[in-house]
Amino acid sequence: MSSEAALTPTEYIQHHLSFLAKPVGGGGSFWTLHVDSVVTAAILGVISIGLLWWVVRGATAGVPTKRQAFVELMFGFVDDQVKGIFHGKRDFVTPTALTVFVWVLLMNAMDFLPVDIVAKILGWVGIHEWRMVPTADVNTTFALALSVWLLMIFFSIKVKGLGGFIHELFCSPFGSNPLLWPANFLFNLVEYISKPLSHSLRLYGNMYAGEIIFLLLWLWAATGLVGTVFGAILGVGWAIFHILIVALQAYIFMMLTIVYISMAHESH
């Protein structure tokens with residue numbers, strides 16, 4: 001943090017919470033692209049798919065390697081979760097759930113990188129604003145949740161047909177009487193809107209809070225010898241505890257993905 005010693009605590013936190021934002025369509029445009037979130041998420045997505053592809057490509061029918069055994073255990077775990085919730089063909093749902101879990105886990109794990117060291121390295125190439133945790137950006141988590149929501153709509157129409165989907169939208173849960181159509185539609189509308197909101201905000205809130213706590217601990221570590229000692233001790237403790245949060249939030253996001261796709265295959 002030596003390069004940022006002149007910053008006040010508020011400026012220090014604001015600096016590390018600043019996105020590398022680029023307006024889309026000009027400076028006065030409403031749309032803004034968070035380049036750091038998009039690039040980091042894309043790189044981690046390629047890494048996660050690449051790792052799974054690498055393991056599958058080298059898989060053997062005999063004695064598995066350690067990496068193959070690890071991926072098989074992880075796949076079996078995810079498939080068991082899908083089997084307990086989704087009762088149709090799992091050839092799409094299980095790979096989707098596994099991809100979501102690994103990708104979100106890697107994005108969450110970026111929170112363990114020391115922000116000052118990363119900022120210094122990026123500063124050498126002229127980048128002074130870069131958020132390393134894509135899931136601490138509500139735009140990222142909402143995009144993920146919205147993708148799952150669109151999958152849910154797609155499967156709901158595919159399984160029930162467009163007519164069946166519309167019928168369910170207006171005739172459940174209170175009945176098919178035309179007088180109840182507005183109440184049914186309003187009820188289902190609230191449900192459909194709340195799903196991507198709760199799905200995204202849960203992950204974002206936990207990862208953003210974890211990022212803030214890490215920044216406060218690093219800030220404390222810069223106050224002197226006592227602050228360094230206690231900041232280091234608390235930082236290690238929080239990092240160990242945060243491992244659980246990182247894995248748990250990826251697991252919850254995956255489970256909600258399975259639940260929402262499963263609900264799309266069910267009729268009310």
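**Thoughts on the environment of alanine 119**
- Assignment of secondary structure puts alanine 119 in helix H5 (residues 115-123).
- A residue is classified by how much of its surface remains accessible, and alanine 119, at 23% relative accessible area, is partly exposed.
- Considering only alpha carbons, one finds alanine 119 and threonine 94, 25 residues apart in sequence, at a separation of 37 Å.

**Observations concerning a nonpolar patch on the surface**
- A surface patch of nonpolar side chains, about 890 Å² in accessible area, is lined by Val138, Phe142, Leu146, Leu150, Phe185, Leu186, Leu189, Val190, Ile193, Leu197 and Leu201.
- Those elements that provide at least two residues to the nonpolar patch are helix H6 (138-171) and helix H7 (181-221).
- By the element assignment, phenylalanine 185 lies in helix H7.

**Comments concerning the nonpolar core**
- Counting residues in each nonpolar core, the largest one holds 43 residues, and the members touching the most others are Val82, Val104 and Met254.
- Listing elements by their share of this core, those giving two or more residues are helix H2 (35-57), helix H3 (66-85), helix H4 (93-109), H5, H6, H7 and helix H8 (225-264).
- Broken down by element, the residue count for this core peaks at ten residues, all from H8.
- In this structure, Tyr12, Leu17, Leu215 and Leu219 belong to the second largest nonpolar core, which totals five residues.

**A short note on the side chain of glutamine 81**
- Checked against the element boundaries, glutamine 81 lands in helix H3.
- Residues in contact with glutamine 81, not counting those within four places in the same chain, are Tyr251, Met254, Met255 and Ile258.

**Quick word on the pattern of salt bridges**
- All chains considered together, the criterion is met by five salt bridges.
- For aspartate 79, the salt bridge is made with arginine 90, and the minimal N-O distance between the two is 3.0 Å. In this pair, aspartate 79 sits in helix H3 while arginine 90 sits in the loop between H3 and H4, placing the two residues eleven residues apart along the sequence.
- Between aspartate 91 and lysine 89 there is a salt bridge; the shortest N-O distance is 4.0 Å. Both residues of the pair, aspartate 91 and lysine 89, count as exposed.

**Some remarks on H3**
- Along its 20 residues, H3 runs 29 Å from first to last C-alpha, staying within 8% of the 28 Å computed at 1.5 Å per residue.
- Among all positions in H3, only Gln68, Val71, Met74, Val78, Asp79, Gln81 and Val82 are buried. When H3 is viewed along its axis, its buried side chains cluster within an angular range of 155° and face the same direction. Exposed side of H3, more than 90 degrees from the buried face: Lys66, Leu73 and Gly84 are the residues found there.
- Buried residues belonging to H3 abut H2, H4 and H8.

**Description of the packing of aromatic side chains**
- Enumeration over the complete set of coordinates arrives at ten aromatic pairs.
- Between tryptophan 238 and phenylalanine 241, the aromatic rings sit 5.4 Å apart at their centres with planes inclined by 45°, giving tilted as the arrangement. Taken as a pair, tryptophan 238 and phenylalanine 241 lie in helix H8 at a separation of three residues, close to a single helical turn.
- By relative accessible area, tryptophan 238 is classed as buried at 17%.
- For phenylalanine 241, a relative accessible area of 43% puts it in the partly exposed group.
- Connected via pairs of aromatic rings, a cluster forms that spans Phe112, Phe214, Trp238 and Phe241.
- Over the ring of tyrosine 192 we find lysine 195, and its NZ or CZ is 5.6 Å from the ring centre.

**A word on the side chain of serine 48**
- Mapped onto the fold, serine 48 is located in helix H2.
- Apart from the residues lying within four places of it in its own chain, the contact partners of serine 48 are Val102, Trp103 and Leu106.

**Considerations on the packing of H4 against H8**
- The geometry of H4 relative to H8 is characterised by a closest axis approach of 8 Å and an angle of 150° between their N-to-C directions. Classed by the angle they form, the pair H4 and H8 counts as roughly antiparallel. Regarding H4 and H8, the two cross each other, and that crossing is right-handed. Contact with H4, carried on its side by Val93, Ala97, Val100, Phe101, Val104, Leu105, Asn108 and Ala109, involves Val246, Ala247, Gln249, Ala250, Tyr251, Phe253, Met254, Thr257, Ile258 and Ile261 of H8 and no other residues of that element.

**Remarks on the packing of H2 against H4**
- Close contact between H2 and H4 brings their axes to 9 Å; oriented N to C, the two are set at 130°. Between H2 and H4, the crossing angle belongs to the class labelled oblique. Judged by the twist between their axes, the crossing of H2 over H4 is right-handed. Each of Ala41, Leu44, Gly45, Ile47, Ser48 and Leu52 in H2 lies in contact with H4, whose residues at this interface are Leu98, Val102, Trp103, Leu106 and Met107.

Cut-offs applied
Residues numbered from 1 in each chain as written. Predicted model: local features only at pLDDT ≥ 70, side-chain atom pairs only at ≥ 80, totals over all residues. Heavy atoms only, no water. Helix = DSSP H or I, 4+ residues; strand = E, 2+ residues; numbered from the N terminus. Buried < 20%, exposed > 50% of the residue type's maximum accessible area, 1.4 Å probe, protein only. Patch = residues over 30% accessible without salt bridge, like charges linked within 9 Å, V, L, I, M, F, W, Y side chains within 5 Å. Areas by Shrake-Rupley, 256 points an atom, 1.4 Å probe, with all protein chains shown as cover. Salt bridge = Lys/Arg side-chain N within 4 Å of Asp/Glu carboxyl O. Core = buried A, V, L, I, M, F, W, Y, C linked by side-chain atoms within 4.5 Å. Contact = heavy atoms within 4.5 Å. Expected span 1.5 Å × (residues − 1). Arc of directions from axis to C-beta. Phe/Tyr/Trp six-rings, centres within 6.5 Å; stacked < 30°, edge-to-face > 60°. Lys NZ or Arg CZ within 6 Å of the ring centre and 35° of its normal. Axes fitted to C-alpha atoms, helices over the stretch in contact; angles between N-to-C directions. Parallel < 35°, antiparallel > 145°, perpendicular 65-115°, else oblique. Left-handed = near helix turned anticlockwise from the far one by under 90°.

Coordinates in, geometry out; function isn't part of it.
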